[in-house]
Amino acid sequence: MRCPQVADFVAVDVETANHDLASICQIAAVSFTGGEVSDTWASLVDPDDYFDPVNVAIHGIDAPNVRGAPRFRQVLGELTIRVAEQIVAIHTTFDRSAIQQACRVCNAPMPDCRWLDTARVCRRTWTQFAKKGYGLENVAYELGIKFRHHDAAEDARTAGRILARAMAETGSSVEALLARSLEPRRGAR
């Protein structure tokens, strides 16, 4: 494992083999510096679990794809190094929850980082996403970002690009957007 350069933020995404959030079968971390991708790491993961046909239909990863791939505990060290003390962008809380569940299953601590939900950022940055339509695919389409959905590296890169766009749109730092995302929305019920 190498120590990547300090980034402005790191975007993370996972894919799961089935409905169990701990069944991570692919993971990626994409570092952003100055609003641009500065490093990408991705790995298939053997979830040591079954693959639900619904999930396979979504991301295309199945048991033969992960044969011989590391287990989550084996990739956790690399992930931890990449996100340590960083702001970590995720689009909705699914990815953080999956990592949290996988850490619980292998009795390992969560990486020490600050999580930033880019869906919350979108809802506070662009009025058209305030109440609906803030899913990754729709936001990317509306912002003209092309990507291959449900590939962990592509989804992480896209979440990061959305965050970089929000920073440019608002003139805010990633720290300011993190603080703003944690505030209750005015008029929200």
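Scroll up to find the structure this text is about.
Residues numbered from 1 in each chain as written. Predicted model: local features only at pLDDT ≥ 70, side-chain atom pairs only at ≥ 80, totals over all residues. Heavy atoms only, no water.

## Observations concerning the overall build of the protein chain
Let me state the cut-off plainly: Think of it this way: any DSSP run of H or I at least four residues long counts as a helix, any run of E at least two long counts as a strand, and we number them from the N terminus. Within these notes, the globule rule equals 2.2 Å times the number of residues to the 0.38 power, and the radius of gyration is based on C-alpha atoms. Accessible area is worked out with a 1.4 Å probe on protein chains only. A residue is then buried under 20% of its type maximum, exposed over 50%, and partly exposed in between. Residue contacts follow a heavy-atom distance rule, with two residues in contact if any of their heavy atoms lie within 4.5 Å. Surface accessibility in these figures is a Shrake-Rupley result with a 1.4 Å probe; residues are shielded only by whichever protein chains are displayed. We count Lys and Arg on the positive side and Asp and Glu on the negative side, and we leave His and both chain ends out. Positions of charges follow a simple convention, taking NZ of Lys, CZ of Arg, CG of Asp or CD of Glu.
Check the secondary structure of the protein chain and you find eight helices and five strands. N-terminal to C-terminal, the α/β element order of the protein chain is β-β-β-α-α-α-β-α-β-α-α-α-α. At 16 Å, the protein chain has a C-alpha radius of gyration in line with the 16 Å of a compact globule built from 189 residues. Each of the three principal axes of the protein chain carries a C-alpha extent, and together these read 45 × 35 × 30 Å. Considering the protein chain as a whole, with its 189 residues, one finds that 49% of them fall into the buried category. For the protein chain, contacts bridging at least 24 residues in sequence account for 66% of all contacts bridging at least 6. When the accessible area of the protein chain is evaluated, it comes to approximately 9,600 Å², of which 49% is carbon and sulfur surface. Each charge sign in the protein chain was given a centre, from 22 positive and 24 negative side chains, and these centres are 7 Å apart.

## A short note on the packing of aromatic side chains
To keep it simple, the criterion reads: The aromatic pairing rule takes the rings of Phe, Tyr and Trp, using the six-membered ring of Trp, and pairs them if the centres are within 6.5 Å, calling planes under 30 degrees apart stacked, those over 60 edge-to-face and the rest tilted.
For the coordinates displayed, the defined rule picks out two aromatic pairs. With 4.9 Å between their ring centres and 10 degrees between their planes, F9 and F32 make a pair best called stacked. Of the two residues, F9 is situated in strand β1 (residues 9–16) and F32 in strand β2 (residues 24–33); the sequence distance between them amounts to 23 residues. Under the relative-accessibility criterion, F9 is labelled buried at 1%. Taken together, a centroid distance of 6.2 Å and an interplanar angle of 85 degrees make the contact between W126 and F129 edge-to-face. The exposure classification of W126 matches that of F129, with both residues buried.

## With respect to helix α5 (residues 118–125)
With six of its eight residues buried, α5 lies for the most part within the structure. Lining the buried residues of α5 we find β4 (87–90), β5 (114–117), α6 (136–143), α7 (152–170) and α8 (174–182).

## Let's talk about the packing of helix α3 (residues 72–83) against helix α4 (residues 94–105)
The line we're drawing: To obtain an axis, a line is fitted to C-alpha atoms, over the contacting stretch when the element is a helix, and the angle between two such axes runs from 0 to 180 degrees between their N-to-C directions. In what follows, roughly perpendicular refers to angles from 65 to 115 degrees, roughly parallel to angles under 35, roughly antiparallel to angles over 145, and oblique to any angle outside these ranges. Put simply, a crossing is left-handed when the front helix is turned counterclockwise from the back one by less than a right angle, and right-handed when it is turned clockwise. Classification convention: Asp, Glu, Lys, Arg as charged; Ala, Val, Leu, Ile, Met, Phe, Trp, Tyr, Cys, Pro as nonpolar; all other residues, Gly among them, as polar.
Interaxial distance between α3 and α4 falls to 10 Å at its minimum, and their mutual angle equals 120 degrees. The orientation of α3 with respect to α4, classified from their angle, is oblique. When you trace α3 past α4, the crossing you get is left-handed. Touching F72, L76 and L79 of α3 are I99, A102 and C103, all from α4. Residues of the contact of α3 with α4, tallied by class, amount to six nonpolar, no polar and no charged.

## So, unusual backbone geometry
Here the phi dihedral of D48 falls at roughly 50 degrees; this positive angle occurs in a residue that is not glycine. The backbone phi angle of T92 is positive, close to 75 degrees, even though this residue is not glycine. Secondary-structure assignment places T92 in the loop between β4 and α4. Classification of T92 by relative accessible area gives partly exposed; the value is 32%.

## Some words on the sheet that holds β4
This is how the line gets drawn: Any two strands are treated as partners once DSSP identifies two or more bridges connecting them.
Within the open sheet, the five strands sit side by side as β3-β2-β1-β4-β5. Their pairing is mixed. Of all strands in the sheet, those with a lone pairing partner are β3 (36–44) and β5, marking the two edges. Each neighbouring strand pair of the sheet contributes to a mean axis angle of 25 degrees, computed without reference to strand direction. With four bridges connecting them, β4 and β5 associate as parallel partners. Following the sheet pairing, A89 is matched in β5 by L116. Lying on the sheet, α4 is in contact with β1, β2, β4 and β5; it crosses β1 at an angle near 70 degrees. Here α5 sits on the sheet in contact with β4 and β5, set at roughly 50 degrees to β5.

Geometry only, nothing functional implied.
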